[in-house]
Each structure stands twice: as structure tokens, then as C-alpha cells.
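Residues per chain, in single letters:
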Amino acid sequence: MEHWKRTIERANRCFMAGELVDAREAYLQALALAQVLFERWADADEAVAACVISHHNLADLHLRLNQPEESAEYLCAIHQRLLQTLQDSRLSPQLREAALRQSSKTYVELLNFISDHGEYPRTHRLLGGTAAQPTTPHYGAH
């Protein structure tokens, strides 16, 4: 966990300094660490948070680079990973519960992204195209 924290902090410093290529490389390193250690971290909440933060930071970076479709890919990837984690009975209950708690945050991030930048193919596939257009409830016989 400490190595991931140092890596993400280095990436954040680069991002804030406008060194976006270096930031991207460090964010990708942090993401790789988070993914490799996802099921091995002692603290399930920290494991899930590290994965979410890594993906969301990469999404922010790609928005800064004016690459919203790449951003959408990272936002969708983590939301989908959490949904898959929820359904994977071989994973610990603690990891599945942490994924459930974080999935509401990743869902809200996706909705905010769609609101600000519109839908992209992967957001449409993942959310079924209903996120940007709430349906009107129907009452009575169908």
C-alpha cells in the first residue's frame, strides 16, 4: 500500500505541475499496482479505494488532455470492475462489500461525466443508454 501511495502522490505532483506525460506514467504505474494487489491487500476498503482513485485520476488526466472518450473508458472500467467484484463469489465478503460501497461513487462519477461530456460507446453499453435520459414512470395496465 505504501508503494501505491508514493506512486499516486508522485503522479499528483506531476499533474499539478502540468507535467502530464510524467503524471500519466505514474498514474498507470499506480493503477497496475492497485490491480495486481486488488485481492491481496489486507484492508479491502483500501484495495478498492486504490483501484477507484487510480482509474479516476487517469480519467481526470485525459479530460485535461481533452480526451473525453479515454476518460470515459477509465470511468467505465472501474465501475464495471466493481460490479464484477460484487458478483464474484470466490472473493472475500469484505472485498465484495467494499466494492458495493464504492460502486455508488463510481456510478455517480459516470452520471456526472455523461452530464458534462455526453455519452460515449462504452458508457452507453455499460449503463444501457438510460443514464442521460431518465425514463418517465408509466402507471396503469401495460
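In the block above lies the structure referred to throughout.
Read on for an overview of the structure. (Residues numbered from 1 in each chain as written. Predicted model: local features only at pLDDT ≥ 70, side-chain atom pairs only at ≥ 80, totals over all residues. Heavy atoms only, no water.)

## Some words on the nonpolar core
Ranked by size, the top nonpolar core spans 38 residues in total, and within it Trp4, Tyr27, Val48, Leu61 and Leu95 carry the most contacts. Contributing elements (two or more residues each) for this core: helix 1 (2-16), helix 2 (20-37), helix 3 (44-64), helix 4 (68-87) and helix 5 (93-117). Per-element tally for this core: the top contributor is helix 3, with nine residues. Not counting the four nearest positions on each side in its chain, Val48 is found in contact with Phe38, Leu82, Leu95, Ala98, Ala99 and Gln102. (Core = buried A, V, L, I, M, F, W, Y, C linked by side-chain atoms within 4.5 Å. Buried < 20%, exposed > 50% of the residue type's maximum accessible area, 1.4 Å probe, protein only. Helix = DSSP H or I, 4+ residues; strand = E, 2+ residues; numbered from the N terminus. Contact = heavy atoms within 4.5 Å.)

## A look at helix 3
In an α-helix, one full turn covers 3.6 residues, which means residues spaced three or four apart are oriented alike. Along its 21 residues, helix 3 runs 30 Å from first to last C-alpha, staying within 8% of the 30 Å computed at 1.5 Å per residue. For helix 3, the side-chain oxygen to backbone nitrogen distance between the N-cap and Asp45 is 2.9 Å, and the N-cap itself is Asp43. Immediately downstream of helix 3, the backbone of Asn66 shows phi near 60°, a positive value. (Expected span 1.5 Å × (residues − 1). Polar contact = N/O pair within 3.5 Å; in protein donor to acceptor, adjacent residues only side chain to side chain.)

## Some remarks on the packing of aromatic side chains
Tallied over the full model, the rule gives three aromatic pairs. When the centroid spacing of 6.5 Å and the interplanar angle of 85° are considered together, the rings of Trp4 and Trp41 count as edge-to-face. You can see Trp4 sitting in helix 1 and its partner Trp41 sitting in the loop between helix 2 and helix 3, a full 37 residues away along the chain. Considered together, Trp4 and Trp41 belong to a single accessibility category, that of buried residues. Arg64 extends its terminal NZ or CZ atom over the ring of Phe15, reaching a point 4.1 Å from the ring centre. The side chain of Arg81 reaches across the aromatic face of Phe38, ending 4.1 Å from its centre. (Phe/Tyr/Trp six-rings, centres within 6.5 Å; stacked < 30°, edge-to-face > 60°. Lys NZ or Arg CZ within 6 Å of the ring centre and 35° of its normal.)

## What about the state of the cysteines?
Inspection of the entire model under this criterion finds zero disulfides. Between Cys51, a cysteine without a disulfide, and Cys76, which holds the nearest cysteine sulfur, the sulfur-to-sulfur distance is 15 Å. Judged by relative accessible area, which is 0%, Cys76 ranks as buried. (Disulfide = S-S within 2.5 Å.)

## A few points about the side chain of Ser54
Here Ser54 lies in helix 3. Under the relative-accessibility criterion, Ser54 is labelled buried at 0%. Apart from residues lying up to four places away in sequence, Ser54 is in contact with Trp4, Ile8, Ala30, Leu31 and Ala34.

## Considering the pattern of salt bridges
The final tally for this structure, using the stated rule, is five salt bridges. As a salt-bridge pair, Arg90 and Glu39 come within 3.2 Å of each other at their nearest N and O atoms. Highlighted residues: Arg90 in the loop between helix 4 and helix 5 and Glu39 in the loop between helix 2 and helix 3, separated in sequence by 51 residues. Of the charged contacts, one joins Asp45 and Arg101 as a salt bridge, the two residues approaching to 2.6 Å between their closest N and O atoms. Of this pair, Asp45 sits in helix 3 while Arg101 sits in helix 5, and the two are 56 residues apart along the sequence. The class of Asp45 is partly exposed, set by a relative accessible area of 40%. Through salt bridges with shared partners, a single ionic network connects Glu39, Asp88 and Arg90. (Salt bridge = Lys/Arg side-chain N within 4 Å of Asp/Glu carboxyl O.)

Read these as geometric descriptors, not functional statements.
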